[in-house]
Structure formats: structure tokens, C-alpha cells
Amino acid sequence: MTQFSTLGNDYSLSNVEIENGNNFGGSIEFREGVPIQLLKYNERSRNGNFGQIVLNQEALNVLRTINEPLAIISVVGSFRRGKSWFANVLHGRHDGFELGAKVEGCTRGIYMWSPPFKLESKQSDGEIIQKRVIVLDSEGIDDPKQDENWATKLFILCLVVSSTFIYNINGIVGKDDIGKLYLMTDLSKFIQEPEVGDFLPRLVILLRDFTLESPESLKEYFLEKLNNVDPKAAKGIKKFFYGFDVFGLPHPGCKKTMVQHMENAITDNLDEEFVEEVENAVKSIYSQLPLKYIGSSTMKGMAFVKFLQDTVERMNSSETSTLLSIPSEYESIIQYNESMISEEKLPMIWEEFEEKSEECASETRKLFSGKIIGSPIQIEKFIDQLSGKLSKIKENFTKKNSKELMIYNENIAKKYWEKFVKIGLTLENLFENYAEFQKALKSFELAYEKSSMKSPEAARVIASYMKNQYSEAIDYMTQLGRMNAELAKAVHAKEEAERLRIEALAREGELCRKIEAQKREREESGKNFGNKILELQRNIEQQKKSQEEMQHRLIKEREYATKRYNQKYEQMRDSMLEQRRLNEKEKMELIKQQERKFEQIQRSLIEEHNRKHEELKRQLDLEKMKANQNEIYQRKLLKKIEASSRDNQELLEQIRTLTDNRSRGIDWKDIANVATVLLPVMFKFLL
């Protein structure tokens, strides 16, 4: 047997703790309750069968009790992005649906909040209606451990069953952040839309940890970024969702440990801007919360359960995603309460029986009319089918009541016949004459009329006595000589006429009762049919008004965006003109600065030129002075050279002489003397 969880396999909080709850506060109303698993996915079994979606009967039983129109919110997105926390905030609390800080996602399958809460809202026509809001927290999409086919089916399933589809993604829209939004490329591959009415929900995009400067239009920003990643997906969203909202939620502004355990968060410790943006998003979602429609009919508990069962059955028929056909009508399964009359004590007089029967039938028609979904022709057919079933049920109870009335009245007649008449037909107490016999019959009839249950059955019982017991008594009295033959014959004729009159009145009363019952049934059925048609017309008008409002809002947004663009353009133009003026001013100032700088440079160059001129002049004078000194030095040098030449000549002569003397064998002492003479001369030469 498949096991389902009320709180999830790993919930650490008790039911009492969850019901008490960690209040978010602010403008979001706190909702009591606990999460309960609506459905789960069984992975591929050992025998090779593909996975199956299994519904939780306990959750379906909760849904079946809902008699108000439903608004269904699905919160979908990649795992570990905080979608379950936002589902909790929709109930004005931090806790509830399971959160977790693990790498793996926490939620498995789809959980719903129980009980679904009531919400009053004003329709576009001014009517105040009460709806039931079901919030669904789905398993994270793109979990690495998730079956790919199941992930796609989960996305399509949430898209089909919800009236508001909240998709939670990373604020920086990149290739890895859009999740299953690529399926928006062509939803007709997955969903076959009905012939009439809306079937897609209102789309809400949550950009989490959005830290960029807020653009003029988050919607345009989102479409632009999505278009950069997947142009076909952006085109698909604009095609299928003519109106949708985008909200940017900044980082909570708390420490990492708190982000990992947001179920324990304290609102006052969160970033003020984050809290404000969350409240604005929730307020906007609830202020525009549409009902769930099938065709032109709103959905209530029984119809939604049937719709959910059929959708899951079709998804389970194939391993891969199948084309879902969205019906435009549904006949709710009504369990006719056949015990409502049988629980009462029978027999009843027919006035009471008709009143009770009509009360039960009217209640059944009312419930049935409130739950059936379809076109006017189909609704008329459903009402006829219901009338046929109710007629059969009533026919069975009519026969039973008639039988019980006959038994009851026969017992009354027997009792008083024996008391007043039969006792006078014995030999011991035989009536003395016809007058005494007639008196006994009169007493019998009066007692019977007083004690019997007035009905055609009571008339038939007394008519039967007149035909049988009366006739036998008259014959018996005649045989015993208490009545003559002529009198007996006259009495027989009288009683027979009375019997026929009573039977005719009984038949007439029964026919009138049946005609009156059929009349009331036709009036009731016609009234219910008329009310249902009016409801369909109001729903169609409401859908049109909702579309017109969304289109009007879209036009307003475009007008606002255009106005903002024009304002921004004007500001940019004024800014450019101002910048140009400033540039001209700066240009003139720069020219003046350059002229002053040029003049300064020019003066510097002149001064430098003059300085260098003076320097060159001094150098030239110095050079001239040096030149004069060089001329004197040159004259002295020439004299030295001339003197040196003479000395050299003398030295050469001496060396030549010395050489000649050596060849002649001069003593070394003489050479030394010569050297003594030559060295000073050579030294002088070198200098």
C-alpha cells in the first residue's frame, strides 16, 4: 500500500507547533493548518513499468467537502530557491511546508495546505464572493536525482490544475536559471486546450535574490533576459500569457545560517526592503486571484477531484509526457442520499411525504447544480438525468410508503371493525335490527376516520370493507331474518355507490398529488437550470471582464512605460543640451586656459631664449679669452719646441759621438758621465 505523509517524511515540527506557527506578521493574514501530501510519484518498478503518479485519498476527501468556488495557487521552481518558504508566506507564516538547507530538495510530489482557507473578494461587477484558496507546494524542478519525464509532467500538471502559477527562479536570468520555462516554447505539444473558456492560469514570476537596480519594468526586463537565453520561450510566454506579473525579491539580508533555516526566521531581523517587496507580491497575488474554470464553469471540490483524477490517469498512461486534453465540461459524481427519507419513520401522510421528499430532492438538485460543469445543452442533459434518478428513488419510497399506509390503515380498520361490527354479528350478540346494524357501521366509520392516516390508501381500505365486509355482514343479517331482501338490496346499492365515490376520490387525490409533485419538480428544475445558465453567463462575463481588465492593465502599463520612456527621453535630451552648453562653456574656458598657458609658455621660451643667449655670449667671451690665452701659449710652445729641437739635435750629436767612441773602446765610466749629461736633457724633452 502506498504511504502518504501529512507532514513529510523529515518534518521535525509537530502538528501543534505548525498550527501555532511562526507568524510572518505585517499585512499578510496568518492561516492555521498543516501541509498534507496531495500526490506522489513512484519511481520505475522492478518489473520495468514506468513511474506512476499516485493520489492521496485523504487529501481528496478534504477537497470533496469544499462547496465554494476554488482558486488554486501552484508554487513551482528549481529546488533550493526558496519556493516552499514563499508558499508558507502566502499563509502569513515562515513555517509550514518543509524547508531545508541540504543540497537535495525537501518536497517530494505535491503538498497542499489543509484546510484550504476562505477568502472574500470583490468581482469586477462589484459582487462579493467567497472562494476557497488551495496552495500547492510542488517538488523542486531540476533536482539532479529527479526523473526527467516526471519533472516535465510535474510542470505541466501544476500548469493545468492551477488558476495562479507562481514560478520561482534566480534573479539573474541565465541559461541555468530558467528551469522548465523552455517548455513555454510550444505548450500545444503538451496541452490540448478546450473549445471554449480559459484553461491557462495567471502567471507570476518571482526573481529571487534580485540585487540589481530595479528597472522601469520588471516584466520587460525579464522578457529581455529570457529572450537572450531562449527567444522561443519568451515568445511563447507572450503568446500564451497576455497578462502576467514579475516581482523582484532582494536577498533577505540575514546571515547564511538564518537563510538555511528560514522556518525559524524573525521578520524584524530581515532586510526591510525584502519584507516590503514580499508583502507587495503577496498582496498583488491575492488582489488579482482568479477562480479555477473549466470552460465557463467554476470548479468546486467534487469537480476538481474528478478533474485531477482524470488528468493523473492520462499522465500515467505513458512513460513520456502525453498530450493532455483539457475538457470543457464535467459531470460531478454526486452520491445521492437515499437514506434521507428512509431514516424517517414510515408511513407518512402524503403531504408530509411530499414535503420531505421535495426537501431532499431540492437539496440534491441544489448540490448537483452547484457542482456540474458543462455547456447549457450538457447541463440540461445532466439535470434530466438527475431528475430521472430522483424519480426512481422517489418511486421506490412512494411504493414503500403506500404499502406501509395500507398496512397501518388495515390494522386500524380491523381493530374498529371487530370492536363495533363483528361483535354484533355473532349469535350471542346479534344486532336486533337494521337500525342497530347501521349505528354500528357508523361508529366504525367514525372511529376509522379519526384514527386512520388520511390518504388514498385509507380510502381504498374503507372501500374494500364496503365491498367485502359490509356485503358479507348484510347477507348474514338477511339470512338470520334481521333484514328483508328488499332492504338488503337497497343497502348493497347504497354502500356500492359510496365505495365507488370513495375510490374515485382516492384516485383523484392521488392524481392531484402526482401532478402537484411533477409541477414542483419542473419548477425546481427550471429554476436550477435558469440559475445555472445565469451563473455560466456571469462566469463568461467575469472571464471577459478579467481579460479586459488584464488587457486594460497591460495597456496602462504600456502607456505608463511609454510615458516614462518619453519622460526619460526628455530628461536625456535636456541633459544632453545642458551637457552641450556645459561643454561649450568648458570649451571656452579650456581655450582661455590654453591661451593663458600658451602665453606663459611663450614668456618662458623668451626668457629661456634670453637666458641661453646671455649664457652663449658669456661662453663666447670666455672662449675668446681662452683663445687669446692659447695664442700666447702656442707662442711659448713654439719657443719650447724650437728649444727642444735644438736640444734634441745636440743630444743626437752626443749620442752619435758616444756611439763612435764605443766603437773605439771608451770606458764605462765615460758613458756614465755622458748619461749624466743626457738624462736631464731627455727628461726636459719629455716634459
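About the cut-offs
- Residues numbered from 1 in each chain as written.
- Predicted model: local features only at pLDDT ≥ 70, side-chain atom pairs only at ≥ 80, totals over all residues.
- Heavy atoms only, no water.
- UniProt positions renumbered as here; feature names shortened; annotations may be inferred.
- Phe/Tyr/Trp six-rings, centres within 6.5 Å; stacked < 30°, edge-to-face > 60°.
- Helix = DSSP H or I, 4+ residues; strand = E, 2+ residues; numbered from the N terminus.
- Buried < 20%, exposed > 50% of the residue type's maximum accessible area, 1.4 Å probe, protein only.
- Lys NZ or Arg CZ within 6 Å of the ring centre and 35° of its normal.
- Arc of directions from axis to C-beta.
- Axes fitted to C-alpha atoms, helices over the stretch in contact; angles between N-to-C directions.
- Parallel < 35°, antiparallel > 145°, perpendicular 65-115°, else oblique.
- Contact = heavy atoms within 4.5 Å.
- Nonpolar A, V, L, I, M, F, W, Y, C, P; charged D, E, K, R; others polar.
- Patch = residues over 30% accessible without salt bridge, like charges linked within 9 Å, V, L, I, M, F, W, Y side chains within 5 Å.
- Areas by Shrake-Rupley, 256 points an atom, 1.4 Å probe, with all protein chains shown as cover.
- Salt bridge = Lys/Arg side-chain N within 4 Å of Asp/Glu carboxyl O.
- Lys, Arg positive; Asp, Glu negative; His and termini not counted.
- Charge placed at Lys NZ, Arg CZ, Asp CG, Glu CD.
- Left-handed = near helix turned anticlockwise from the far one by under 90°.

- Per an unreviewed UniProt entry, the recorded name for the chain is GB1/RHD3-type G domain-containing protein, and the organism is Rhizophagus irregularis.
- Listed in UniProt under the heading Sequence similarities (unreviewed entry), the comment for the chain reads: "Belongs to the TRAFAC class dynamin-like GTPase superfamily. GB1/RHD3 GTPase family."

**Some thoughts on the packing of aromatic side chains**
- Evaluated as defined, the whole model comprises 19 aromatic pairs.
- Taking 5.6 Å as the distance between ring centres and 35° as the angle between the ring planes, the aromatic pair formed by Phe-444 and Tyr-465 counts as tilted. Within this pair, whereas Phe-444 is found in helix H13 (residues 434–451), its partner Tyr-465 is found in helix H14 (residues 456–467), the two being separated by 21 residues in sequence. Judged on exposure class, the residue Phe-444 and its partner Tyr-465 are both buried.
- Three or more aromatic residues joined by ring pairs form one cluster here, namely Trp-417, Phe-444, Tyr-448, Tyr-465 and Tyr-470.
- The ring centre of Phe-244 lies 5.2 Å from the NZ or CZ of Lys-219, which sits over that ring.

**Observations regarding helix H15 (residues 469–479)**
- Among all positions in H15, only Tyr-470, Ser-471, Ala-473, Ile-474 and Met-477 are buried. The arc that holds the buried residues of H15, viewed along the axis, is 165°, so those residues lie on one side. Set apart from the buried face of H15 by more than 90 degrees, the exposed residues are Glu-472 and Gln-479.
- Phi turns positive, to about 80°, at Gly-481, one or two residues after H15.

**Describing the packing of H14 against H15**
- Close contact between H14 and H15 brings their axes to 3 Å; oriented N to C, the two are set at 25°. Between H14 and H15, the crossing angle belongs to the class labelled roughly parallel. Across the interface between the two elements, Ser-464, Tyr-465, Met-466 and Lys-467 from H14 touch Gln-469, Tyr-470 and Ser-471 from H15.
- Taken together, the residues of the contact of H14 with H15 break down into 3 nonpolar, 3 polar and 1 charged.

**Examining a negative patch on the surface**
- A surface patch of like charges, here negative, comprises Asp-271, Glu-272, Glu-273 and Glu-276.
- Note that Asp-271 resides in the loop between helix H7 (256–259) and helix H8 (272–287).
- A relative accessible area of 30% places Asp-271 in the partly exposed class.

**A closer look at the packing of H13 against H15**
- Running from N to C, H13 and H15 cross one another at 165°; their axes reach a closest spacing of 12 Å. Accordingly, the angle class assigned to the pair H13 and H15 is roughly antiparallel. Here H13 and H15 pass one another in a crossing that is right-handed. Here Phe-437, Leu-441, Phe-444 and Glu-445 of H13 come into contact with H15, specifically with Tyr-470, Ala-473, Ile-474 and Met-477.
- Class assignment for the residues of the contact of H13 with H15 results in 7 nonpolar, no polar and 1 charged.

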